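# A structural walkthrough
One letter stands for each residue in the lines below.
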Amino acid sequence: MIILLIIAGLIFCGASVYCFYKANYCACTQAGQCDNPVNHYWLGAMLNALVSLAFCCIALHVEQGTLLWLTLMASCFLGAYISAKSEKLKRCKKANSTNALLTNEPN
């Protein structure tokens, strides 16, 4: 039962991080055009984080559950950050190779 609660907490933690990054992406790329989705994504991020915290606290009581929740959130944010950095690097390399083809320059 405890393991299932922790797994549920991890799932909601991941959903929270996804909503957080989606809200930031929408706010940065389409400023003023997607106010409602940003609000929905922020609301989703906060609610998912609270549900995750609740599952972790139910599984391991308040003190250890909160520490587990902080660890889960930190690891999810770190994973998303590393993924975004590597995706940006791939996109940059692809753009550089496309620019080289357009200007007839060697790589």
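Look above for the structure.
These numbers were taken from a predicted model, which means no experiment stands behind them.

## Remarks on the overall build of the chain
- When you go through the chain residue by residue, the secondary structure sums to 2 helices and 0 strands.
- Considering the chain as a whole, with its 107 residues, one finds that 24% of them fall into the buried category.
- A fraction of 63% describes how many contacts in the chain between residues 6 or more apart in sequence connect residues 24 or more apart.
- By element, 68% of the accessible surface of the chain is carried by carbon and sulfur atoms, the whole surface being about 7,700 Å².

## As for helix H1 (residues 2–29)
- With 28 residues, H1 ought to run about 40 Å at 1.5 Å a step, and its terminal C-alpha atoms sit 41 Å apart, in line with that.
- Residues of H1 that are buried: Leu5, Ala8, Gly9, Cys13, Ser16, Val17, Cys19, Ala23 and Cys26.

## Observations concerning a nonpolar patch on the surface
- A contiguous nonpolar patch, built from Ile3, Leu4, Ile7 and Ile11 and spanning about 430 Å² of accessible area, is present on the exposed surface.
- If you trace the backbone, Ile3 turns up in helix H1.
- According to the relative accessible area criterion, Ile3 is exposed, its value standing at 61%.

## As for the layout of surface pockets
- By volume, the largest pocket amounts to about 370 Å³.
- Lining of the largest pocket is provided by 14 residues; of these, Tyr21, Tyr25, Ala80, Ala84 and Arg91 occupy positions nearest its centre.
- Elements with a minimum of two residues in the lining of the largest pocket: H1 and helix H2 (35–103).

## Some remarks on the packing of aromatic side chains
- As enumerated under the stated definition, the model contains 5 aromatic pairs in all.
- Look at Phe20 and Trp42: their rings are 5.2 Å apart centre to centre, the planes differ by 85 degrees, and that puts the pair in the edge-to-face class. Of the two residues, Phe20 sits in helix H1 while Trp42 sits in helix H2, which places them 22 residues apart along the sequence.
- Every member of this aromatic cluster is reached through a ring pair, and the members are Phe20, Tyr21, Trp42 and Phe77.

## Topic: the environment of Ala74
- You can see Ala74 is positioned in helix H2.
- Exposure remark for Ala74: the relative accessible area of 46% places this residue in the partly exposed category.
- The sequence separation of Ala74 and Cys13 amounts to 61 residues, and the corresponding C-alpha distance is 9.7 Å.

## Looking at unusual backbone geometry
- One non-glycine residue with positive phi stands out, namely His61, at about 70 degrees.
- Residue position: His61 is located in helix H2.

## Quick look at the side chain of Asn48
- Note on placement: Asn48 falls in helix H2.
- Given the relative accessible area of 15%, Asn48 is considered buried.
- For Asn48, the residues in contact, after removing those within four places along its chain, are Phe12, Ala15, Ser16 and Cys19.

Definitions and limits used
Residues numbered from 1 in each chain as written. Predicted model: local features only at pLDDT ≥ 70, side-chain atom pairs only at ≥ 80, totals over all residues. Heavy atoms only, no water. Helix = DSSP H or I, 4+ residues; strand = E, 2+ residues; numbered from the N terminus. Buried < 20%, exposed > 50% of the residue type's maximum accessible area, 1.4 Å probe, protein only. Contact = heavy atoms within 4.5 Å. Areas by Shrake-Rupley, 256 points an atom, 1.4 Å probe, with all protein chains shown as cover. Expected span 1.5 Å × (residues − 1). Patch = residues over 30% accessible without salt bridge, like charges linked within 9 Å, V, L, I, M, F, W, Y side chains within 5 Å. Salt bridge = Lys/Arg side-chain N within 4 Å of Asp/Glu carboxyl O. 1 Å grid on protein atoms, 1.4 Å probe; cavity = no way out; pocket = protein on both sides within 12 Å on 5 of 7 lines; lining within 4 Å. Points joined across faces, edges and corners; volume = space filled by probe spheres on them. Phe/Tyr/Trp six-rings, centres within 6.5 Å; stacked < 30°, edge-to-face > 60°.

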